[in-house]
Amino acid sequence: LDGLLKGKFRGCMLGTLLGDCLGAPFEGEAGSKVVVQKYFEKIDGPYKKSPQKRYTDDTAMMKSVAKCLIDKPSMDFKYLANLFVKEYYNEPRRGYGANVVEVFHKLRSSKFEDVYKPAREQFNGTGSYGNGGAMRMAPIPLFFNNNYEAMIEAATNATRLTHTHSIGINGALLQAIAIHQSLMLDPHEKADHQIYTKKLIEKMKAIETEDIHDLLDHTPYQTQLKKVAELLNLETSKKEISEDEVVAALGNSIAALHSVPTSIYCYLKAQNEIAGIETDNPFRRTIQYAISLGGDTDTIAAMAGSIAGAHYGEEFIGENLRKHCEFVDEIIEISDELFKVTPIS
Ligand code: F2R
Ligand code: MG
Ligand code: MG
Ligand code: MG
């Protein structure tokens, strides 16, 4: 059982890395299943030496979250803020969000006095609703897999360092909850999408309680998740849903509301065959499909990949895909260190 969980840790962390590296070249483009199928045929075909795909801000920030848990298992958010800032100034050209860098500047110049203050000041005090909190979530549901309440609290605070809009925070919570749910599943069995989405909606009901003043819909994630469930139900009754229809219904942008539910949809849909995506492997199918939707491809593939990786574990992640991405061995090492400090009941 220990081995199973260790493999799921690796699968989840590699899911973020591979989704990020393989999705990054397409970020901001219109989706194309045909183009992305050809891309994956090359990557997953006979190995030809080529420059490795580089990871972006998604993985850069995710590894800081993992390092924080490894170094300070009781979680120290001032330390985490320091790690984010250090990482950013070491390698600023990793494709960070346009506005989040302002938070890093202010954290540094204020000497980390109040680590939550700079994020609160973003966007005239409304806070960021970007998916930057959600994209880096993976280590938190892994470490707190035995303690749901502590997971929610840590996920909230890890997000609040950069994102204080309730859409940004609740998107990160939904991503953590999805990973947590998939971690409990048997790698060789499919998740029942009706039960899976119903559980997510129930958990978001407990989270989406406060009034969101600038929104007409006060339960936006529950609304999105109901659309996810509807699309999957339509497919069960044999209706083909096009990528355009998925993007129109769920979104594919850098806004957490229009990318986290999309990632969950990609993962659940990719448990089954998808026309135009030629692979028997559900992990590859998940990230390939996510990238086919276009838009925020690195982040949607990273988030879908980490949910899928938590379900299937590392044995489903092929050697070919790994060879094309930088930092694979390092992520496995970090994942094993995280596993070592994780309290197991
Ligand atoms: N930055 C990118 N992609 C841009 C292209 C990168 C290029 N390929 C390259 O390599 O250079 N990707 C990364 O950013 C996303 C995560 O962003 P995060 O961390 O949430 O940042 P930020 O700046 O807080 O928010 C992103 C944008 O969302 C809009 N926004 C957010 N809150 C808003 C609000 N309250 N009001 C109005 N707009 C709001 C703004 O446009 C922000 O700049 C990931 O995709 C990651 O991969
Ligand atoms: Mg990125
Ligand atoms: Mg921000
Ligand atoms: Mg992105």
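Everything numeric in this text was worked out from a predicted model, so none of it was measured.

The rules we used
- Residues numbered from 1 in each chain as written.
- Chains lettered and ligands numbered in written order.
- Predicted model: local features only at pLDDT ≥ 70, side-chain atom pairs only at ≥ 80, totals over all residues.
- Heavy atoms only, no water.
- Axes fitted to C-alpha atoms, helices over the stretch in contact; angles between N-to-C directions.
- Helix = DSSP H or I, 4+ residues; strand = E, 2+ residues; numbered from the N terminus.
- Parallel < 35°, antiparallel > 145°, perpendicular 65-115°, else oblique.
- Left-handed = near helix turned anticlockwise from the far one by under 90°.
- Contact = heavy atoms within 4.5 Å.
- Nonpolar A, V, L, I, M, F, W, Y, C, P; charged D, E, K, R; others polar.
- Phe/Tyr/Trp six-rings, centres within 6.5 Å; stacked < 30°, edge-to-face > 60°.
- Buried < 20%, exposed > 50% of the residue type's maximum accessible area, 1.4 Å probe, protein only.
- Lys NZ or Arg CZ within 6 Å of the ring centre and 35° of its normal.
- Salt bridge = Lys/Arg side-chain N within 4 Å of Asp/Glu carboxyl O.

Asker: I'd love a proper account of the packing of helix H4 (residues 77–90) against helix H8 (residues 148–160), names of residues and values included.
Answerer: Look at H4 against H8: their axes get within 10 Å of each other, and the N-to-C directions meet at 45°. Looking at the two axes, H4 sits oblique to H8. When you trace H4 past H8, the crossing you get is right-handed. Across from Phe 77, Leu 80 and Phe 84 in H4, the residues of H8 making contact are Ala 154, Asn 157 and Ala 158. In terms of residue class, the contact of H4 with H8 is built from five nonpolar, one polar and no charged.

Asker: So what about the packing of helix H10 (residues 193–207) against helix H13 (residues 260–269)? Which residues, and what values?
Answerer: Where H10 meets H13, the closest approach of the two axes is 11 Å, and the angle between their N-to-C directions is 160°. One element, H10, and the other, H13, form an angle in the roughly antiparallel class. The element H10 and its partner H13 pack so that their crossing is right-handed. For the pair H10 and H13, contact is made by His 193, Tyr 196, Thr 197 and Leu 200 and by Ile 264, Tyr 267 and Leu 268, respectively. Taken together, the residues that form the contact of H10 with H13 break down as five nonpolar, two polar and no charged.

Asker: An account of the packing of aromatic side chains is requested, with residue identities and associated values reported.
Answerer: In the structure shown here, the tally under the stated rule is twelve aromatic pairs. Their ring planes at 85° and their centres at 5.1 Å tell us that Phe 9 and Phe 339 sit as a pair that is edge-to-face. Highlighted residues: Phe 9 in helix H1 (residues 2–23) and Phe 339 in helix H17 (residues 328–341), separated in sequence by 330 residues. Accessibility assignment for this pair places Phe 9 and Phe 339 in one class, buried. When the centroid spacing of 5.5 Å and the interplanar angle of 85° are considered together, the rings of Tyr 39 and Phe 40 count as edge-to-face. If you follow Arg 94 out to its NZ or CZ, it ends over the ring of Tyr 55, 3.8 Å from the centre. Positioned over the ring face of Tyr 89 is Arg 108, at 3.7 Å from the centre of the ring.

Asker: Describe the pattern of salt bridges, with residues and values.
Answerer: Across all of its chains, the model carries 15 salt bridges by this definition. For Asp 71, the salt bridge identified is with Lys 67, shortest N-O distance 2.8 Å. Remark: Lys 67 and Asp 71 occur in helix H3 (residues 57–71); sequence separation between them is four residues, near one turn of the helix. Asp 71 gets classed as partly exposed once you look at its relative accessible area, which sits at 34%. Where Lys 269 meets Glu 235, a salt bridge forms, and the shortest distance between an N and an O atom there is 3.0 Å. You can see Lys 269 sitting in helix H13 and its partner Glu 235 sitting in helix H11 (residues 220–236), a full 34 residues away along the chain. Take Lys 269: its relative accessible area is 11%, and that puts it in the buried class.

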